[in-house]
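# Topology and contacts: notes
For reference, the chains in residue letters:
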Number of protein chains: 2
Amino acid sequence: MRDTSRDGLRNRIEKYVLSGFEPFWAFINARPALARIVNRLIVDNAVQKAPARPLALSTMAPYSSWDSLMDRTWFARYLPPVDQGGRPPLEAVAALFKLRPAGPRLSERSTLLFPSFAQWFTDGFLMTSEADRRRTTTSHQIDLGQVYGQTPAVTDALRLRSEAAGRKGRLKTEVTDSGEWAPRLYDAAGKKREEFSAVPDPVHLPAGWPAEKLSTIFAFGGERANSTAYTAAINTLFLREHNRLCAVLEQAEPGWDDERVFQVARNIGIVQLIKIVVEEYINHISPYWFQLLSDPRPCYTAVWNRENWIPVEFNLLYRWHSLVPEGAVWGGAAIAMADVCFDNGPVLRDGLGAAFDSASNSRAWQMGLFNTSPMLAPVELASIGQGRTNELASYNDYREVMKYPRVTRFEQISGDPAVVAALREVYRHVDNVEFFAGLFAEDVPERSAVPPLIGRMVAVDAFSHALTNPLLSPHVYHEGTFTKAGMASIVGTRTLRDLAGRNGGGDGVVSMELARPK
Amino acid sequence: MRDTSRDGLRNRIEKYVLSGFEPFWAFINARPALARIVNRLIVDNAVQKAPARPLALSTMAPYSSWDSLMDRTWFARYLPPVDQGGRPPLEAVAALFKLRPAGPRLSERSTLLFPSFAQWFTDGFLMTSEADRRRTTTSHQIDLGQVYGQTPAVTDALRLRSEAAGRKGRLKTEVTDSGEWAPRLYDAAGKKREEFSAVPDPVHLPAGWPAEKLSTIFAFGGERANSTAYTAAINTLFLREHNRLCAVLEQAEPGWDDERVFQVARNIGIVQLIKIVVEEYINHISPYWFQLLSDPRPCYTAVWNRENWIPVEFNLLYRWHSLVPEGAVWGGAAIAMADVCFDNGPVLRDGLGAAFDSASNSRAWQMGLFNTSPMLAPVELASIGQGRTNELASYNDYREVMKYPRVTRFEQISGDPAVVAALREVYRHVDNVEFFAGLFAEDVPERSAVPPLIGRMVAVDAFSHALTNPLLSPHVYHEGTFTKAGMASIVGTRTLRDLAGRNGGGDGVVSMELARPK
């Protein structure tokens, strides 16, 4: 068993109260007015574990300058840079992530839909610049850029731009026997189609990718949305929902032009995404019995309601490669993950429902050390390297800034003797453990999907980032912005299943939860 | 006398309490701990007169879209656009600003330093795009861009960039018999100097401007900082202060490089400017006996601490052209204002002290209708036109959004029969009065420098804009950012006179107050 003596008294009490007493929490969950009050307390407590924005530093410089406080092409950072001299060789740390010969540990809690959604969602705002791994190309906002693109030129290429009835506001789509899809980015010969020249090619697309797979790649706003058939399926779901919302808006507001229908449908789509993020995804991650709500009102008076600026630490802690299994079940048959990378053939053939069915019925791996598929080993190595390029402080320093006591023994990080032994061999002293390695070395608590420090940092950003979206601010979040029909659609959206049900995403299970709901 | 029946009960009580009881307020002003508490209440009350950011709309579109909530090249706006049909001819409104044949009314309160500082200061963040008068090129921040430029290329051209002792962090300067000055932008023949090709030419510089005047123009970051010898003098003061601070920092931190000395000197300079803005300039505008403090702590928990975004209404209400006199006293002799436009010859000849002495001993005009110098009449016309281009709502609508009751009679706006008669002739009904005309039609209250609605809107932005500067935020505003010596310099700076005294700005009166301090 792990030595819990450095978990911190307050942290232990919070965990005890929030992870126990199921009937008490069920009572609260069932009473909306009471639940909103409790939600405010829990959300506020969660966000206040970290220093509020604006942070003093960015990755631009080791001191605050006017430029560093303004230029959001650099990541924010929680702690100042420290000298990386004396760190163990990169390869020794990367070896901590190497899959055990005995094979993977499987998640007790999550289906493949969980890492697929995490990947697709965070690819919308966690971008590292390819040219300089201390910089970012993010908008720092949840804006559904995966669907709409990050620049006006991309958005423009993806829009139908028609004032004709039944076409206003729509994104371009093609209807096949299996449903409605984004248009293809490449033609049958694998050549990029002229009208999508502004649209990004998929990142990390292997050179010489075969034309028959290339021709299944969708013209998506996000440069990583085609990474797997699962991320493409989620993107397709939000694309279909956009066009569905356009039809709703066109009917409700016949006087609106193409531009307004488009913009308001996008607004509704973004808020629906935020609802799913909090009410399905974050509740899946959380080990609490209390069901968190996507109510923005706790932010309206919160001291942590300050403009978003993605910290580099947040970018790194989201590298959940160990969750990704090597294979899945698709239509009852086993497939290799590699078979659905940069290849939307299976989903085009079998339909959107098949992809959600596959993701919901395949098991994710467990997050942690010694559990990353060999195909993702190079990505772990790059992540460790990015931590060093950004001169990140140690795991213990980050525990402290996030209100966990510093650990004094490796046994306080993990109860797994193999993890403890490996950490000791690589780092010698617990103060030497790097941020990235420490994050994943921690044991995953019962009924949680992620280890404690990751869970805490994800919660900080989930609430302070998602709920402070300008669309949820007091002068904007009302029927005047979204229309009555739009607000009804927002209210009616809590899970991916809600979206799938109304967009031909299948009527089977659509779930991130492996077993029964907690 | 003006009909005060629509001033509003709460407004009248606040005015009564804050503008009366001088001994009571003197008692509070003399007790710093008490004054800080009262300051928090007054600042918070002042800012809460207006809707807090983020506002629902920008000048981009009449509805909230993701683009309109993100794209800060458009102005924010307090009220939605309204149709401008039925507005009186532009020229009829412009005639309301025309100087009376009897001549100007002079301010009872302000020297020429007040409009000069207002002009220089607001030129740092109130920029209308020349190409589209609904858009802006501002950074939306108080950042001393007048001194440092708005782009890295301009900043770079103005910096010395030397690692030599005694030169680190410095801006380029030239020392003449009369003191230290920015380098000249043009050579003796009037040709722009190659090294400053990135530096903007002065805006509205008349074509064919004579070489002997052109050659006195300084290479300044701000495209309007050379407009008059007075704005150039204020810019020079902050330039000299920058280089003085660099010397202080270089001594305190010998290990710092050019870049860090530059950046930290700029940080200190920006905070010193904010202190002067609140403690000298806003206190000059305010009719209150309480001396407002530039304490940022009230913002740390305020619901109005949201990212700055300049509203178009704020841009327009700052067109204080009627304050600008046609002449001044310089070195005991009368000069015409035109003699110090785009011509720094007098200040180069007589020194910085002469400019501050002139500004502090010349009288400003009174703000209001029928009081704008003919040379500025075209600028008033353009301002009225900009209000229409942006489809602004009426004066009464803006009274309401700023928590003043709507007026029902022209006599409730002004007690001046000529103003009332002219408004009635141009607008027929009080509900028709435009925002821009109404702002300046109001009577200036006793001991105030501006009319009430302008005063209220200036206070909203002064506090919610200046005090939420990231340099004043909790993780940044401390000795770790500014150094001990830097913090001491900030503490020792409350007025332009403080800056002038340590930078050869003369030892005479440096004051925006005409007579004895209120």
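Each chain has its residues counted from 1, following the order in which its sequence is written. Chains and ligands are labelled by the order in which they are written, letters from A for the one and numbers from 1 for the other. Owing to the predicted nature of the model, reporting of local features is limited to residues with pLDDT of at least 70; listing and counting of side-chain atom pairs is limited to 80 or more, with chain, interface and lining totals taken over all residues.

### Some remarks on the relation of the copies chain A and chain B
After a rotation of 180° and a shift along the axis of 0.0 Å, chain A superposes on chain B with an RMSD of 0.0 Å. The superposition of one copy onto the other is thereby described by a two-fold rotation axis. A share of 100% of interface residues in chain A that are also interface residues in chain B marks the association as one of identical surfaces. Least squares is used to superpose the copies, and the fit set is the C-alpha atoms of residues whose pLDDT is at least 70 in both copies. Contact criterion: two residues are in contact if their C-beta atoms, reconstructed from the backbone, are within 7 Å.

### Concerning the interface of chain A and chain B
Listed per partner, the contact involves 25 residues of chain A and 25 residues of chain B. Per the convention used, a helix needs a DSSP run of H or I reaching at least four residues, while a strand needs a run of E reaching at least two, with both numbered from the N terminus. Put simply, the parts of the chain that give the side of chain A that touches chain B at least two residues each are helix H4 (66-70) and helix H11 (258-285) of chain A. Gly is put with the polar residues, along with every residue not named as nonpolar or charged; the nonpolar set is Ala, Val, Leu, Ile, Met, Phe, Trp, Tyr, Cys and Pro, and the charged set is Asp, Glu, Lys and Arg. Partitioned by chemical class, the residues of the side of chain A that touches chain B number 13 nonpolar, eight polar and four charged.

### Let's talk about the nonpolar core
Ranked by size, the top nonpolar core spans 291 residues in total, and within it A:Ala233 and B:Ala233 carry the most contacts. Ignoring any residue separated from it by four or fewer positions in sequence, one finds B:Ala233 in contact with B:Val347, B:Leu352, B:Ala355 and B:Phe356. Joining buried Ala, Val, Leu, Ile, Met, Phe, Trp, Tyr and Cys residues through C-beta atoms within 7 Å gives a set, and that set is a nonpolar core. Exposed residues have 12 or fewer other C-beta atoms within 10 Å of their own C-beta, buried residues have 20 or more, and partly exposed residues fall in between, where C-beta atoms are placed from the backbone.

### Focus: the environment of A:Arg406
Residue and element names in this part refer to chain A. Position of Arg406 relative to the elements: it lies in the loop between helix H17 (395-401) and helix H18 (417-427). Taking the number of C-beta atoms within 10 Å as the measure of exposure, Arg406 has 15 and is therefore partly exposed. Separated by 67 residues in sequence, Arg406 and Ser473 place their C-alpha atoms 37 Å apart.

### Topic: helix H10 (residues 229-252) of chain A
Any helix carries an expected span of 1.5 Å times its number of residues minus one. With 24 residues, H10(A) should reach 34 Å at 1.5 Å per residue; the first-to-last C-alpha distance of 34 Å fits that figure. Of all 24 residues making up H10(A), 17 are buried, and the element is well covered by its neighbours.

### A few points about the pairing of strand S7 (residues 333-336) of chain A
Every other side chain in a regular strand lies on the same face of the sheet, so the side chains alternate between the two faces. All names here are of chain A. The pairing of strand S6 (residues 327-330) with S7 spans four bridges and is antiparallel. Residue pairing across strands places Trp330 opposite Ala333, the latter belonging to S7. In sequence, S6 turns back onto S7 through a hairpin of two residues, with Gly331 there showing a positive phi of about 55°. At least two bridges found by DSSP between two strands is the condition for calling them paired.

### Quick notes on the confidence of the model for chain A
On a scale of 0 to 100, pLDDT captures the predictor's confidence in every residue. Confidence along chain A averages 96 in pLDDT terms, with 99% of residues attaining 70 or more. As a predicted assembly, this complex carries a pTM of 0.96 together with an ipTM value of 0.94.

### Observations regarding the packing of H11(A) against helix H20 (residues 452-466) of chain A
All names here are of chain A. For every element, the axis is a line fit to its C-alpha atoms; helices are fit only across the contacting stretch, and the angle between N-to-C directions ranges from 0 to 180 degrees. Two elements in contact, H11 and H20, have axes whose closest approach is 11 Å; the angle formed by their N-to-C orientations is 165°. As far as their axial angle goes, H20 and H11 are roughly antiparallel. The way H11 lies across H20 gives a crossing that is left-handed. Between H11, through Ile274, Val277, Val278, Ile282 and Ile285, and H20, the contact on the second element is made entirely by Gly455, Val458, Ala462 and Ala466. The residue inventory of the contact of H11 with H20, partitioned by class, reads eight nonpolar, one polar and no charged. Our angle categories are set so that under 35 degrees counts as roughly parallel, over 145 as roughly antiparallel, 65 to 115 as roughly perpendicular, and the remainder as oblique. By convention, the crossing between two helices is left-handed when the near helix turns anticlockwise from the far helix through less than a right angle, and right-handed when the turn is clockwise.

### Observations concerning the packing of H11(A) against helix H22 (residues 484-491) of chain A
All names here are of chain A. At a closest axis distance of 9 Å, the pairing of H11 and H22 adopts a crossing angle of 20°. It follows that H11 is roughly parallel to H22 by the angle criterion. Of the two possible hands of crossing, H11 and H22 adopt the one that is right-handed. Contacts from Val264, Ile268, Val271, Gln272 and Lys275 in H11 reach Gly486, Ser489 and Ile490 in H22. A breakdown of the residues in the contact of H11 with H22 according to their chemical character gives four nonpolar, three polar and one charged.

### A look at unusual backbone geometry
Between A:Arg53 and A:Pro54 the backbone carries a cis peptide bond, its omega angle lying at -10°. Its place among the elements puts A:Pro54 in the loop between helix H3 (32-47) and strand S1 (57-58). A positive phi is found at A:Phe21, a non-glycine position, where the angle reads about 55°. The topology assignment puts A:Phe21 in the loop between helix H1 (9-19) and helix H2 (22-29). Accessibility expressed as a C-beta count within 10 Å gives 14 for A:Phe21, which makes it partly exposed. Positive phi outside glycine occurs at B:Leu144, with the angle close to 55°. With respect to the helices and strands, B:Leu144 occurs in the loop between helix H6 (113-122) and helix H7 (145-148).

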